[in-house]
Amino acid sequence: MKAPQLHKLNSQTLWLSAERSLFWEEQKALVLSDLHLGKTGHFRKAGIAVPQAVLREDMQRLMTLLHYFRPEQLIVVGDFFHSRANLELELFKRWRYDVADLPIRLVRGNHDILQAEWYQEAAIDVIEPDLLLEPFLFTHDRCVKSEAPYTFCGHIHPGIVIQGLGRQSLRFPCFYFTPQYCILPAFGKFTGLATVQPSAGDTMYAIVEQTLMRIQ
């Protein structure tokens with residue numbers, strides 16, 4: 001894993017990782033969004049061949065981040081899981097036992113529709129609609145300009161188009177910081193991208209081949 005990149009915000013220290021997450025130093029919190037665990041299993045149940053290796057890769061990346069940052073809590077800004085319980089979510093429970101001492105706080109997203117008992121068994125604290133940890137607010141899909149504290153959200157799976165030589169263009173996941181809010185990249189690799197257009201005063205970090213590229 002490559003070294004994270006420092007981003008100072010509201011007198012807080014954030015370490016951005018090309019592994020689609022950030023570490024909030026003052027709260028010792030690893031923050032990520034939109035893992036969509038179980039999505040590949042959901043597709044396989046529908047008869048669409050998606051390899052289970054996708055899930056293993058995402059969980060290995062998460063474990064690498066936990067070993068690197070040694071957080072005291074994990075904050076998931078929605079869509080931790082994708083749909084109803086399936087075999088992949090049972091595999092997640094086994095992983096959870098390996099990190100049983102790590103508090104996990106989930107800001108409920110639109111895909112987090114498992115029964116309350118399932119979250120309790122997995123020792124996941126489900127919060128809705130928002131999580132306020134001064135000076136930041138965490139919400140899944142209500143990242144709008146307002147007088148609220150600086151907001152982190154997910155849901156959109158932001159991507160940016162970078163023009164290459166000639167007429168080449170490629171789209172990459174990104175962190176998207178505006179003066180009022182930040183849209184986090186989707187942590188799960190088996191997700192799409194929604195192209196965002198930065199305005200004056202915005203800052204974006206494109207995730208290009210395991211490297212962060214600051215834009216604007």
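Please refer to the structure higher up on the page.
Given the structure is predicted, the values throughout are model-derived calculations rather than measurements.

Participant: So what exactly am I meant to see when it comes to the overall build of the protein chain here?
Facilitator: Helix and strand counts for the protein chain stand at four helices and 16 strands. Out of the 216 residues belonging to the protein chain, those deemed buried represent 52%. If you take every contact in the protein chain between residues at least 6 apart in sequence, the share linking residues at least 24 apart comes to 65%. With the model as given, the accessible surface of the protein chain reaches about 10,500 Å², and the carbon-plus-sulfur share is 52%.

Participant: Could you clarify how one ought to interpret the state of the cysteines in this entry?
Facilitator: Disulfide: a covalent bond connecting the sulfur atoms of a pair of cysteines. Evaluation of the coordinates by the stated rule reveals one disulfide. Cys174 carries a free sulfur, and the closest cysteine sulfur to it, the one in Cys182, is 9.0 Å from it. Note on Cys182: no disulfide assigned, nearest cysteine sulfur contributed by Cys143 at a separation of 7.4 Å. Note on Cys182: relative accessible area 0%, which makes it buried.

Participant: Which parts of the structure should I look at to understand the sheet that holds strand β4 (residues 29-32)?
Facilitator: Sheets are built from strands that pair by backbone hydrogen bonding, the pairs being arranged parallel or antiparallel. The mixed open sheet is built from seven strands, whose spatial order is β1-β2-β3-β4-β5-β6-β7. Among the strands making up the open sheet, the edge pair consists of β1 (5-9) and β7 (124-127). Averaged over all pairs of adjacent strands, the angle between strand axes in this sheet comes to 25°, irrespective of strand direction. Pairing between strand β6 (residues 104-107) and β7: four bridges, direction parallel. Across the sheet, the residue bridging to Leu106 is Val126, located in β7.

Procedures and definitions
One numbering rule holds for all chains: residues counted from 1, following each sequence as written. Totals for whole chains, interfaces and linings use every residue, but because this is a predicted model, local features are given only for residues with pLDDT of at least 70 and side-chain atom pairs only at 80 or more, for both listing and counting. In computing side-chain values, all of the structure's heavy atoms are included and hydrogens and water are not. Think of it this way: any DSSP run of H or I at least four residues long counts as a helix, any run of E at least two long counts as a strand, and we number them from the N terminus. Relative accessibility thresholds used throughout: buried, under 20% of the residue-type maximum; exposed, over 50%; partly exposed, between the two (1.4 Å probe, protein chains only). Contacts are assigned to residue pairs that have any heavy atoms within 4.5 Å of one another. In short, Shrake-Rupley with a 1.4 Å probe defines the accessible areas, and a residue's cover is counted only from the protein chains shown. Note on terminology: pairs of cysteine sulfur atoms within 2.5 Å are recorded as disulfides. The pairing criterion is simple: DSSP has to find at least two bridges between the two strands. Where helices are involved, their axes are fitted lines through C-alpha atoms of the stretch in contact, as for all axes, and angles between N-to-C directions lie from 0 to 180°.

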